Amino acid sequence: MIPRRDVFVQYRVVNGIKYIAKNYKAFQLDEVGELVWDSIDGKTSIEQIADKIAEKYNVDKAMVLKDIQQFMKELLENELVEV
Amino acid sequence: MVLDKRNIENHPHLILQHLKGIDLDTSLVYIAGSLMEGFGNETSDIDVYVICKDISTDRFRGDPSSEELILSTQQAIVRNIRHDGIRYDFEYWSWNEFNQMIAKLNGLDFKTEHYIQRLSETEFDFLHRLKFGRPVINKEKFEEIYKSIQFNNLGFYQIVIKSEFYAGMVEDVQGALLSKDLGSAFFMARMLIDTMVTSYLAAYGETNPSSKWLYRKIIRYQEKTGDKILLSKYLDFQTRPFDETTVERYTKEALWFCQDLNVQVQTILKKKQVS
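Residues numbered from 1 in each chain as written. Chains lettered and ligands numbered in written order. Predicted model: local features only at pLDDT ≥ 70, side-chain atom pairs only at ≥ 80, totals over all residues. Heavy atoms only, no water.

The next subject is a nonpolar patch on the surface. Residue and element names in this part refer to chain A. Taken together, the side chains of V32, Y57, V59 and M63 make up a nonpolar region of the molecular surface, amounting to roughly 310 Å² of accessible area. In this structure, Y57 sits in helix α2 (residues 46-57). Take Y57: its relative accessible area is 30%, and that puts it in the partly exposed class. (Patch = residues over 30% accessible without salt bridge, like charges linked within 9 Å, V, L, I, M, F, W, Y side chains within 5 Å. Areas by Shrake-Rupley, 256 points an atom, 1.4 Å probe, with all protein chains shown as cover. Salt bridge = Lys/Arg side-chain N within 4 Å of Asp/Glu carboxyl O. Helix = DSSP H or I, 4+ residues; strand = E, 2+ residues; numbered from the N terminus. Buried < 20%, exposed > 50% of the residue type's maximum accessible area, 1.4 Å probe, protein only.)

Okay, the interface of chain A and chain B next. Taken together, the contact pairs 20 residues of chain A with 23 residues of chain B. Summing both sides of the interface, chain A and chain B together bury roughly 2,200 Å²; the carbon and sulfur share of this comes to 52%. Along the contact surface separating chain A from chain B lie two salt bridges. For K270 of chain B, the salt bridge is made with E34 of chain A, and the minimal N-O distance between the two is 2.6 Å. At the junction of chain A and chain B, the tally comes to 13 residue pairs in polar contact (both at pLDDT 80 or more). Listing elements by their share of the side of chain A that touches chain B, those giving two or more residues are β1 (4-5), β2 (10-14), β3 (17-22) and α1 (31-39) of chain A. Residue contributions to the side of chain A that touches chain B peak at five residues, all from β2 of chain A. For the side of chain A that touches chain B, the residue count by class is seven nonpolar, four polar and nine charged. (Contact = heavy atoms within 4.5 Å. Buried area = accessible area lost by both parts, 1.4 Å probe. Polar contact = N/O pair within 3.5 Å; in protein donor to acceptor, adjacent residues only side chain to side chain. Nonpolar A, V, L, I, M, F, W, Y, C, P; charged D, E, K, R; others polar.)

Below, the discussion takes up the sheet that holds β3 of chain A. Ordered in space as β2-β3-β4 (chain A), the three strands form an open sheet in which the pairing is antiparallel. If you trace the sheet from one side to the other, it starts and ends with β2 and β4 (25-28) of chain A, each paired once. Averaged over all pairs of adjacent strands, the angle between strand axes in this sheet comes to 30 degrees, irrespective of strand direction. As judged from the five bridges shared by β2 of chain A and β3 of chain A, these two strands associate in the antiparallel manner. Its bridge partner lying in β3 of chain A, Y11 of chain A is registered against I20 of chain A. With respect to the sheet, helix α10 (residues 247-274) of chain B is in contact with β2 and β3 of chain A, its orientation differing from that of β2 of chain A by roughly 10 degrees. (Pairing = 2+ DSSP bridges. Axes fitted to C-alpha atoms, helices over the stretch in contact; angles between N-to-C directions.)

The subject of this paragraph is the sheet that holds strand β5 (residues 86-94) of chain B. Sheets are built from strands paired through backbone hydrogen bonds, the pairs being either parallel or antiparallel. Residue and element names in this part refer to chain B. Taken together, six strands build an open sheet; the order of strands is β3-β4-β5-β2-β1-β6 and the sheet is mixed. Every interior strand has two partners, whereas the edge strands, β3 (67-72) and β6 (134-135), have only one. As judged from the eight bridges shared by strand β4 (residues 76-83) and β5, these two strands associate in the antiparallel manner. In the sheet register, A76 faces β5, and the bridge partner there is W93. Here helix α3 (residues 95-106) sits on the sheet and contacts β1 (28-32), β2 (46-52) and β5; the angle it forms with β5, its principal contact strand, is near 80 degrees.

On to the packing of helix α7 (residues 182-203) of chain B against helix α8 (residues 214-225) of chain B. Residue and element names in this part refer to chain B. Interhelical geometry of α7 versus α8 gives an angle of 40 degrees and a closest axis separation of 11 Å. One finds that α7 runs oblique with respect to α8. As for how α7 packs across α8, the hand of that crossing is left-handed. Together, D194, V197, T198, Y200 and L201 of α7 and L214, K217, I218 and Y221 of α8 make up the contact between the two elements. Partitioned by chemical class, the residues of the contact of α7 with α8 number six nonpolar, one polar and two charged. (Parallel < 35°, antiparallel > 145°, perpendicular 65-115°, else oblique. Left-handed = near helix turned anticlockwise from the far one by under 90°.)

Laid out in structure tokens, this is it:
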């Protein structure tokens, strides 16, 4: 699956914390969420994103992939990404 | 001999001859503006800044051999002179105003959940010009002050201000597309690109606030970073014709292009905020 950010999503950093927002709803990103969001570019698959994060934190890729799939589901439900 | 205006600081007498009545020992005199930034051309004015104790207009009686015009603004006095075929803009600022602007820039707090303190357009422009200033007299004093100024705050300031504007504009584009006002969406998308590219360049220290120098800023960014994609994409987006059958696609591509730049800009801003 290759996700892409929804075209109208906004992205701001306030006091060191990154937020994504759409239609007056804002979502705070944690460190991993931020890495995932920054990697969603319409060219990178979620498997590749999982590889990147597993390597960075030296953790099991299958576990990371599962977490990213869950995160992606939430992003899709809130129309923050499209696939 | 033809004078190369870019090296005018090597000919201080050409500047100082117009500063009779100014106590030079207690003043700063420096040249700034597009010529010093490397953007100017043969027709550009020479912008001279004089920081002095007293800026009342009656101190600036002109040389009868010069054509001149004196304007008084809220914070400064501006004197336009044409002498020997060269146009000079002398701006006289008080030490008080000068020090206040520097203190304001140095004191900007980017680690906040609230709106940051605002610089007026005049203040921002003045401080940006100072970044490229070259002293004519009192060089040591100038260097000492120059080193105390947080010029990189200009870039972060521009990012924050443009980010606020950008957020509002994205909502406007969304509204225009949803209501099928495609012409407005097209024009707004172009404005959005200019805003985002300006913000992105500010992250790389390109803080000239005048939109007329956008191309020159992109070229200098390209020389610094080796990135040629920015200019090619910018030109592609800004030269595509308006076509009702493709405008929706065009607007979305423009928004994605801006989003990608914004991700990089916000990451740079975050580093500043958590540093």
